[in-house]
Amino acid sequence: MGTAEKHAAADSVVCHDEPCLEDRLDRERYVKALAQLALTCQTPMVFGLYGGWGVGKTSMMLQIRQQIDDDGTPTVWFDPWRHQFDEDPIVALLQTMVVDLGKEKSTGVKEILTTVALALGSSLTKKVLGLNFDDYRKMQAFVAEEMFTLRNAQIRLREAIEELIKKTRTKNKRIVFFIDDLDRCLPANMLKMLEALKLYLNVKDCVYFLGLDHTIVRKGIEKEYAELKIEDQDYLDKIIQLPFAIPPIHGEKATPFIESLLPQEAKSCAANLALFLANNPRKVKRFVNTLALNLVLAANIFGEQKYNIDLIVAFLLIQHRKEALFKQIGANPHLYLELAVAKAKEETQPAQDYFGDDTQLKAFVQRIGVPDDTPLERYVYLADIAGAAARKERTLAIEPEMVIIQPGIFLMGSDEAEDEKPPHQVTIKHRLEVGKYPVTFAEYDAFCVATDRPLPSDQDWGRGRRPVINVSWEDAQAYCAWLSKEKAAVTGRHYRLLSEAEWEYACRAGTVTKHAFGDEITGTHANFGGTVGRTTEVGAYPANPWGLYDMHGNVWEWVEDIWHDSYADAPDDGSAWIGQEGKQSSSKRVVRGGSWNYVPGFCRSAFRGRDDPVVRFIYLGFRLARTLD
């Protein structure tokens, strides 16, 4: 890997995604084993080739079919999704069998197909067989009479199918069916095919290979049989006798596959890319195609200047694996420089914060470094126009860590300040979840990137796991609404700010002292008083008895309530106080907990602060809540 001069466009290769008879994934031993079993197993038999979209199910089935064809055993290929809107897939499958095996003109074949179609519904006859009746009404009368004579349509149907199989198969040879992409059918039509296999097509001398995404099919079964409470796996096990999960590509097997796809100038990247692009051949091809396009564009954008293939790969990998981070780099390319030289910045550790547990990507970015005078904007531009922009956007929302708080009763307020009076009993009647930490920069930055908001300043203290600062009450509300929308469809979770009563209840955590850890506070308990001189990462100090961190100090936390000058007439059920009762300044909202630059007394559990809902300061943050019941 390294630096490349300007290259001709012809050097780059873009790969198609069509099924392939050539074994490029080192699956020959599996193909041979399955083909051998298909030729020697008891019949009827159904094999299931399980794998997600893009893992190479169709290619593997084609390779198995070739092995069986070489043995002289007749095979039939059927794509059920092409016939999913037919009234019944059985006739389409059987007609495909007749055509594939060249038996259209064999004696009695069309007559049997007619019987099958009649048994399944006379309206199919005209469509499937192309029969032309001068008088369609006479045909209907014939169908009615014929059906009346069949004392049991299903028994007769199975007999007809068995007879058809006998007429079409070669003597002493079984027929092997390949039914591909069953998971592309709608659930109801997918089940039609499975039911047909179970009821009518499990005939002697027949072997079936089903190519399907196991997860999708199970979901379809679950949906269709929800009322009957049929277990999806049990249902599938009754039909498929031998399941085979197509193995992913990884490690040393992935490297030659990736190298075979790469343009010549990038083939040295194969081993590194194998660390990141394993498992799904289609996704590998897509990434390689994107890289090939980047290299062609780079030759034009950089002109006679040299460009760095390592950097092109790095930006594409970040886009591929850490989309939120890529968008942040797009807004501030200098951030990539910080990540690449993060080893020298142990104090803030930005790389660890942004890369999370993706240590391989972090190590790769730091290993290749950034040469001086690198035009990072050009690399961002390349990845942006030829990468993830073409994909469906994934949610960037980071699910916060939450702690369940049980209902209870506590004494809210104190006699230490007028606005904390009168102390009064509050009953929290509902269970709720409270953020384990204040909202962090990593969480809030994802919101800003997704909604095209400017990132709040971190005062050059570091982002990642530090609590977000310079956010207003209105910003906090917007974040809650966005996160709720992003997660509602997936988890049904709706997030909000705590009420002031909920906040003090959670902060006290069953204690009655000034702080959750006693009446005295020191630098071992919390970040306060300006001794550190900035925020610290969340969780750096001990949690309170209920497992909540940073309830004292670090950042003031916005809550839902409007400011009131005392607790006279305050709600006693834990709800937010947003009405007009009592003395209030309705333009201000309550903040709680103290912060890194405030004196110890402001960090007490009962202490109350206030600010305008639109202001942003270096000590203002917030914490999330969610009502459970």
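Just above, that's the structure.
Residues numbered from 1 in each chain as written. Predicted model: local features only at pLDDT ≥ 70, side-chain atom pairs only at ≥ 80, totals over all residues. Heavy atoms only, no water.

A. Structural view of the overall build of the protein chain. Helix and strand content of the protein chain: 22 helices and 17 strands. When each of the 629 residues of the protein chain is scored for burial, the buried share is 51%. When contacts within the protein chain are restricted to residue pairs at least 6 apart in sequence, long-range pairs at least 24 apart make up 75% of them. Surface accessibility of the protein chain: about 29200 Å² in total, with carbon and sulfur atoms responsible for 49%. (Helix = DSSP H or I, 4+ residues; strand = E, 2+ residues; numbered from the N terminus. Buried < 20%, exposed > 50% of the residue type's maximum accessible area, 1.4 Å probe, protein only. Contact = heavy atoms within 4.5 Å. Areas by Shrake-Rupley, 256 points an atom, 1.4 Å probe, with all protein chains shown as cover.)

B. Layout of the pairing of strand S5 (residues 206-212). Across the 7 residues of S5, 7 count as buried, placing the element largely inside the fold. The alternating pattern of S5 places Cys206, Tyr208, Leu210 and Leu212 and Val207, Phe209 and Gly211 on opposite faces, both of which are buried. Direction of pairing for strand S2 (residues 45-50) relative to S5: parallel, over a ladder of 6 bridges. Residue pairing across strands places Leu49 opposite Gly211, the latter belonging to S5. Of the pairings in the sheet, the one linking strand S4 (residues 175-179) to S5 comprises 5 bridges and is parallel in character. Paired with Phe178 across the bridge in S5 is Phe209. (Pairing = 2+ DSSP bridges.)

C. Up close: a negative patch on the surface. The grouping of Glu222, Glu231, Asp234 and Asp237 at the surface amounts to a negative patch. Relative to the helices and strands, Glu222 is located in helix H9 (residues 214-224). Glu222 gets classed as partly exposed once you look at its relative accessible area, which sits at 46%. (Patch = residues over 30% accessible without salt bridge, like charges linked within 9 Å, V, L, I, M, F, W, Y side chains within 5 Å. Salt bridge = Lys/Arg side-chain N within 4 Å of Asp/Glu carboxyl O. Lys, Arg positive; Asp, Glu negative; His and termini not counted. Charge placed at Lys NZ, Arg CZ, Asp CG, Glu CD.)

D. Here's a closer look at the pattern of salt bridges. Tallying each qualifying case throughout the model produces 19 salt bridges. The residue Lys32 makes a salt bridge to Glu28 at a minimum N-O spacing of 3.1 Å. Of the two residues, Lys32 and Glu28 are both situated in helix H1 (residues 28-40); the distance of 4 residues between them amounts to about one turn of the helix. In this structure Glu28 comes out as partly exposed when scored by relative accessible area, which is 43%. Across the pair Glu420 and Arg604 runs a salt bridge, and its minimum N-O distance is 2.7 Å. Here Glu420, found in the loop between strand S9 (408-412) and strand S10 (424-428), pairs with Arg604, found in the loop between strand S14 (584-592) and strand S15 (608-611); they are 184 residues apart in sequence, far enough to count as distant. A relative accessible area of 9% means that Arg604 is categorised as buried. Through salt bridges with shared partners, a single ionic network connects Glu500, Glu504, Arg508, Arg592 and Arg608.

E. Structural detail: a nonpolar patch on the surface. Residues Ile301, Tyr381 and Ile385 make up a contiguous nonpolar surface patch of about 260 Å² in total accessible area. Ile301 sits in the partly exposed class, given a relative accessible area of 31%.

F. Up close: the packing of aromatic side chains. On inspection of all chains with the given rule, the structure shows 25 aromatic pairs. Ring centres 5.7 Å apart and planes at 50° place the aromatic pair Tyr30 and Phe244 in the tilted group. Separated by 214 residues along the polypeptide, Tyr30 in helix H1 and Phe244 in strand S6 (residues 242-245) bring together distant segments of the chain. Classification of Tyr30 by relative accessible area gives partly exposed; the value is 23%. (Phe/Tyr/Trp six-rings, centres within 6.5 Å; stacked < 30°, edge-to-face > 60°.)

G. Representation of the nonpolar core within the structure. The biggest cluster of nonpolar side chains holds 49 residues, and the ones touching the most others in it are Ile258, Leu273, Phe315 and Tyr336. Residue contributions to this core peak at 9 residues, all from helix H14 (residues 309-321). Counting residues in each nonpolar core, the second largest holds 31 residues, with Tyr444, Phe447, Ala476 and Leu497 among its members. (Core = buried A, V, L, I, M, F, W, Y, C linked by side-chain atoms within 4.5 Å.)

H. Local environment of the packing of helix H13 (residues 281-301) against H14. In contact at an axis separation of 11 Å, H13 and H14 are set at 135° when each is read in the N-to-C sense. Our classification of the angle between H13 and H14 gives oblique. Seen along the crossing, H13 lies across H14 with a hand that is right-handed. Where H13 approaches H14, its residues Phe287, Thr290, Leu291, Asn294, Leu295 and Ala298 are matched on the opposing element by Ile309, Ile312, Val313, Leu316, Leu317 and His320. (Axes fitted to C-alpha atoms, helices over the stretch in contact; angles between N-to-C directions. Parallel < 35°, antiparallel > 145°, perpendicular 65-115°, else oblique. Left-handed = near helix turned anticlockwise from the far one by under 90°.)

I. Layout of the environment of Val31. As for its position among the elements, Val31 is in helix H1. Not counting chain neighbours up to four residues away, the residues in contact with Val31 comprise Met60, Gln63, Ile64 and Gln67.

J. Structural context of helix H19 (residues 376-385). If you check which residues of H19 are buried, you get Leu376, Tyr379, Val380, Leu382 and Ala383. Axial view of H19: buried residues confined to an arc of 160°, hence all on one face. The inward-facing, buried residues of H19 contact H13, strand S7 (307-308), H14, helix H15 (323-331) and helix H16 (334-340). (Arc of directions from axis to C-beta.)

K. View of unusual backbone geometry. The residue after Thr43, namely Pro44, is reached through a cis peptide bond having omega 0°. Note on placement: Pro44 falls in the loop between H1 and S2. Following Lys421, the chain continues into Pro422 via a peptide bond in cis, with omega recorded as -10°. Assignment of secondary structure puts Pro422 in the loop between S9 and S10. Of note, Ala509 is a non-glycine position whose phi angle comes to about 50°, a positive value. Among the secondary structure elements, Ala509 is positioned in the loop between helix H22 (500-508) and strand S13 (556-564). Residue Ala509 is classed as buried on the basis of its relative accessible area, which comes to 6%.

L. The sheet that holds strand S17 (residues 624-627), seen in detail. Here we have 4 strands laid out as an open sheet, ordered S8-S11-S17-S12, and antiparallel in their pairing. Where the open sheet ends on each side, the last strands, each with one partner, are strand S8 (402-405) and strand S12 (496-497). Bridge count between S8 and strand S11 (residues 432-435): 4 bridges; the pairing is antiparallel. When the sheet's bridge partners are listed, Val403 is paired in S11 with Val434.

M. Main features of the side chain of Arg466. Position of Arg466 among the secondary structure elements: in the loop between helix H20 (441-451) and helix H21 (473-491). Within the local environment of Arg466, its side chain forms a polar contact with the backbone oxygen of Thr535, the two atoms lying 2.3 Å apart. (Polar contact = N/O pair within 3.5 Å; in protein donor to acceptor, adjacent residues only side chain to side chain.)

N. Summary view of the environment of Ala33. Here Ala33 shows up in helix H1. When the C-alpha atoms of Ala33 and Ile64 are compared, they prove to be 9.1 Å apart, with 31 residues separating the residues in sequence.

O. Summary view of the sheet that holds S4. Read from one edge to the other, the open sheet built from 5 strands follows the order S3-S4-S5-S2-S6, with strand pairing classed as parallel. Of all the strands in the sheet, just strand S3 (75-78) and S6 have a single pairing partner and so form its edges. Here the average twist between neighbouring strands, direction ignored, is 15°. Looking at chain direction, S3 and S4 are connected through 4 bridges and run parallel.

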